[in-house]
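# Tertiary structure, described
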Amino acid sequence: MTIELVPLPLPASADPSKFVNFGREVKGVDPGNLTPEQFADIHDALYKYSALLFRNVTLTPEQQYALAKAFDPEVETFGHGNNKIESAKKSILHSYLKTIPRVPQVQLIGNGMVYNHEGLEATALKHPSHTTFHKTRVSEEDEEKGYTRFCRWHMDAALYDYYPPKVTTLYGLKVPEGPQQIVRYDDGTGDELPVSLGTTAFVSGKTMFDILPPEYKSLAVRIRVRYAPHPYEWMAPARAMPTGLGIETEGLELPLDDLPEWEESKIQILPALWKNPVTGDLHFQVHPWAVQELIIAPLPEHAKRDGALYPDGAHLKDLRQIRNLLYRIQRPAIAPQV
């Protein structure tokens, strides 16, 4: 059977022009049993469309890991390191992820008690919620009316010691049923987005870069990001903005001396952009909560300087300044339209 790539249904708020090359449903193939030729098609489709959906498939943990590993065959670990999260008791991720014992590259997430699942005899799952992670929250009265917020925008990466993975997979075992909720952005824009229960939203790094004004595109290509050591422990005491896109700057991050032992050589310093190996497009990809410093290169000698941001380069260490800058770059790409 020929592989078919079908555009995903869009909510009424979406601007169809922003989804021409973002998101496809894949039909006619079993992602757990791909031939080399089929994987080559899936590989290129993922890089072209950024997110692929396979409906009504059954995968073992081994097959799920094999699918992700096929994109980067030399990697043997989960994005945060095998069996690392459960021992990192100060991490904000510690209470949300449970490792599948025989396939430590696969994590179980959800809400409620789970019994006898893939070697886990009895496991209490706790779904992250904006009510405990944001500085402010939707009122209980509005929650009863179906309002909520995105908890946090993120990428699945340790950002210390381990490089970010090339791909990530999310396999839905049981999807919650019930009426839709309405996500409120609560940032003064009035933005809202109807979502299904348990929604995981995805953002296009390509769109994030493409819709930037020229002066921000010029800046983005010059940014390198220095992430904090053990960033999920470092940020744990802090609280998030109402959009879930970044951390409020209140000085609540753990002092570096209070973190688990860390090494300078394991600090991640990464470009803000990556170049798509199939399309050649540039994608903006920065985890805003975890950033400790921004290193900005100066403009090339003969580049236009009129209106340029940080034309002489800069090394930003003030967290408020860093977070405000990243928010201006990233916030447009999480709007309901895109």
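So, here's what we can say about the structure.

Calculation rules
Residues numbered from 1 in each chain as written. Predicted model: local features only at pLDDT ≥ 70, side-chain atom pairs only at ≥ 80, totals over all residues. Heavy atoms only, no water. Helix = DSSP H or I, 4+ residues; strand = E, 2+ residues; numbered from the N terminus. Expected span 1.5 Å × (residues − 1). Buried < 20%, exposed > 50% of the residue type's maximum accessible area, 1.4 Å probe, protein only. Polar contact = N/O pair within 3.5 Å; in protein donor to acceptor, adjacent residues only side chain to side chain. Contact = heavy atoms within 4.5 Å. Arc of directions from axis to C-beta.

Turning next to helix α8 (residues 319–330). Working note: α-helix, 3.6 residues per turn, so residues spaced by three or four point in the same direction. With 12 residues, α8 should reach 16 Å at 1.5 Å per residue; the first-to-last C-alpha distance of 16 Å fits that figure. Among all positions of α8, only L319, I322, R323, L325, L326, Y327, I329 and Q330 are buried. Of the residues that open α8, the one with a side-chain oxygen 3.2 Å from the backbone nitrogen of R320 is D318.

This part is about unusual backbone geometry. In this structure, S50 is a non-glycine residue whose phi angle is positive, near 75 degrees. Mapped onto the secondary structure, S50 falls in the loop between α1 (36–49) and β3 (52–53). What makes S50 partly exposed here is its relative accessible area of 31%. Phi is positive for L159, which is not a glycine, with a value near 65 degrees. Within the fold, L159 resides in the loop between β8 (147–148) and β9 (181–184).

Turning our eyes to something else, we now look at the side chain of R149. Residue position: R149 is located in the loop between β8 and β9. Looking at R149, its side chain comes within polar contact range of the side chain of H134, at 3.3 Å. In this structure the side chain of R149 is engaged in a polar contact, spanning 2.8 Å, whose partner is the backbone oxygen of T136. Among residues more than four places away in sequence, those in contact with R149 are H130, H134, T136, R137, V138, V183, R184, D186 and P242.

If you check which residues of helix α2 (residues 61–69) are buried, you get P61, Q64, Y65 and L67. End-on, the buried residues of α2 take up no more than an arc of 155 degrees, which puts them together on one face. Looking at the buried residues of α2, the elements they touch are β4 (98–100) and β5 (103–108).

So, to be careful, I would describe these as geometric facts and stop short of saying anything about function.
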